[in-house]
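Tertiary structure, described
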Amino acid sequence: MFLAIENPLNSSELIFPTLECMHILGFAFSVGTIAIVDFRLLGLGMRHQTVGEVASDLAPWTLIGLALMLTSGPLLFSSDPDMYYLNWVFDLKMVLLLLAIVFHYTIHRRATMPGTSALRSKVVASISIALWVGVIFGGIFLAFI
Amino acid sequence: MSIANAIQSIAFLTDFRESVWVYPVVMAIHLSCIAVFGGMILMTDLRLLGVAMTDRPISEVIAKFRIWKRIGFCIMVTMGALLASSEAEKYSPNPFFWAKMCFLSLVAIHAAIFRPLVYNNPAELDKSPAIPGRAKLAGALSLFIWLGILTCGRLIGYYEDAQSAGSPATKPAAALTVPVSPAIVVQRSPLRLGISGPRDLQENKRKHYVLSNRESS
């Protein structure tokens, strides 16, 4: 409640939407580049390159996206913590986000290395897409619940 | 205004606007497309600028994303059109909405100009030792246009039209608003523009919940 009054974020009407744009740009980079790798894992297009090549090309941009997303996100949260704190969809979003990030840097990364079976690649890619889309759905739904 | 009213009064769009689940689902699909396919647009533009994926030939980057960007664009526009037309009355006086539409038409103009110059003969770009100026220009302009679309799209939700704020349609919901302290009024719903009818009630319920929770603690 105090944060809601004193947080400088709330002093200007433009800061919140600007941060939101950063947030969206951030996940366009991170989720976008991860999805490209997932599409490759699923065998959809980009067959001239190995999965590993696609993944290493895009890894820095995934990281840039995550950095943008994870700085703007908490700032958005700080503008009205109560509203997020009391919202079960927000909890769900955070759990999905944590799972998605951990999954990305463990199982997903391993699946981009040579010697991964086609079936495994497809399962990993599907889980990855589902997790990230879940995070985005969480972000929208927390404003509607 | 009457055209806008006629559009959003189409039974199917009215149902869509008032549905508790379909509306946010469509909005979330719209955003997921921005993430997945917007990411591809960003990567293509940055490749043309010589910033990203520089180990790959430009022709390859353009070719491999092209079909996906097209599919994504179609889904994104369909979802966006649903969202906008179902709230036509709120969108039609909104300057950010029209700015977004202008940026979207710039996408078409950009394609008309740069497709023959850049995108349709990428093999030529691969051969030249440095990335040609026209390719960089295409990437930079595309980046600018899409960032414009993103920004205007987000700002649509923050514009409050004086007329619609006091219109009878929104009054019943407003009357139900529980008295709140200024701290709570500060809270914003970035998606408010898209919210009407049942969702307004829901929001008020939540505010009430927040309030009563605070009082009990």
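The shown structure was predicted, so the numbers you read here are calculated from the model rather than taken from an experiment.

**Brief notes about the overall build of chain B**
Within chain B, the secondary structure is distributed over 12 helices and zero strands. In sequence order, the secondary structure elements of chain B are arranged as α-α-α-α-α-α-α-α-α-α-α-α. In chain B, which comprises 217 residues, the proportion classed as buried is 47%. Excluding contacts between residues fewer than 6 apart, the proportion of contacts in chain B whose partners are at least 24 apart in sequence is 76%. Surface exposure of chain B reaches about 10500 Å², of which carbon and sulfur atoms provide 70%.

**Comments concerning the pattern of salt bridges**
This structure, assessed with the given rule, holds three salt bridges over all chains. Between Glu20(A) and Arg154(B) there is a salt bridge whose closest N-O contact spans 2.8 Å. Note that Glu20(A) is positioned in helix H2 (residues 15-41) and Arg154(B) in helix H8 (residues 133-156), a pairing that runs across two chains. With relative accessibility at 13%, the residue Arg154(B) sits in the buried group. Between Arg56(B) and Asp57(A) there is a salt bridge, and its shortest N-O distance comes to 2.5 Å. Highlighted residues: Arg56(B) in the loop between helix H3 (22-48) and helix H4 (58-86) and Asp57(A) in helix H3 (residues 51-78), drawn from two different chains.

**Side note on unusual backbone geometry**
A negative phi angle is the norm for most residues apart from glycine, just as the trans form is the norm for most peptide bonds. The phi torsion at Met53(B) lies on the positive side, around 50°, for a residue other than glycine. By the element assignment, Met53(B) lies in the loop between H3 and H4.

**A closer look at the packing of aromatic side chains**
Two descriptors summarise a pair of aromatic rings, namely the distance from one centre to the other and the angle between the planes of the rings. Tallying each qualifying case throughout the model produces 15 aromatic pairs over all chains. For the ring pair Phe39(A) and Trp68(B), a centre distance of 4.7 Å and an interplane angle of 40° mean the geometry is tilted. In this pair, Phe39(A) is assigned in helix H2 and Trp68(B) in helix H4, connecting two distinct chains. The exposure class of Trp68(B) is buried, given its relative accessible area of 16%.

**Quick word on the confidence of the model for chain B**
Here chain B averages 78 in pLDDT, while 73% of its residues score no lower than 70. Model confidence for the complex is summarised by a pTM of 0.80, with the ipTM given as 0.88.

**Thoughts on the environment of Ala35(B)**
Secondary-structure assignment places Ala35(B) in helix H3. Residue classification places Ala35(B) among the buried positions, given a relative accessible area of 0%. A C-alpha to C-alpha distance of 9.9 Å links Ala35(B) and Gly72(B), two positions 37 residues apart in sequence. What Ala35(B) contacts, discounting residues up to four positions off in sequence, is Phe27(A), Ala28(A), Val31(A), Gly32(A) and Ile136(A).

**A look at the interface of chain A and chain B**
Of the residues lining the interface, 42 residues belong to chain A; the matching set on chain B comes to 48 residues. For the pair chain A and chain B, the two sides together bury roughly 4200 Å², of which 76% comes from carbon and sulfur. Here chain A is connected to chain B by two salt bridges. Where chain A packs against chain B, one counts four residue pairs in polar contact (both at pLDDT 80 or more). Sorting the residues of the side of chain A that touches chain B by element identifies helix H1 (2-6), H2, H3, helix H4 (81-85) and helix H6 (118-141) of chain A as the ones contributing at least two each. No other element matches the 15 residues that H2(A) contributes to the side of chain A that touches chain B. In terms of residue class, the side of chain A that touches chain B is built from 31 nonpolar, six polar and five charged.

Rules of the game
Residues numbered from 1 in each chain as written. Chains lettered and ligands numbered in written order. Predicted model: local features only at pLDDT ≥ 70, side-chain atom pairs only at ≥ 80, totals over all residues. Heavy atoms only, no water. Helix = DSSP H or I, 4+ residues; strand = E, 2+ residues; numbered from the N terminus. Buried < 20%, exposed > 50% of the residue type's maximum accessible area, 1.4 Å probe, protein only. Contact = heavy atoms within 4.5 Å. Areas by Shrake-Rupley, 256 points an atom, 1.4 Å probe, with all protein chains shown as cover. Salt bridge = Lys/Arg side-chain N within 4 Å of Asp/Glu carboxyl O. Phe/Tyr/Trp six-rings, centres within 6.5 Å; stacked < 30°, edge-to-face > 60°. pLDDT = per-residue confidence, 0-100. Buried area = accessible area lost by both parts, 1.4 Å probe. Polar contact = N/O pair within 3.5 Å; in protein donor to acceptor, adjacent residues only side chain to side chain. Nonpolar A, V, L, I, M, F, W, Y, C, P; charged D, E, K, R; others polar.

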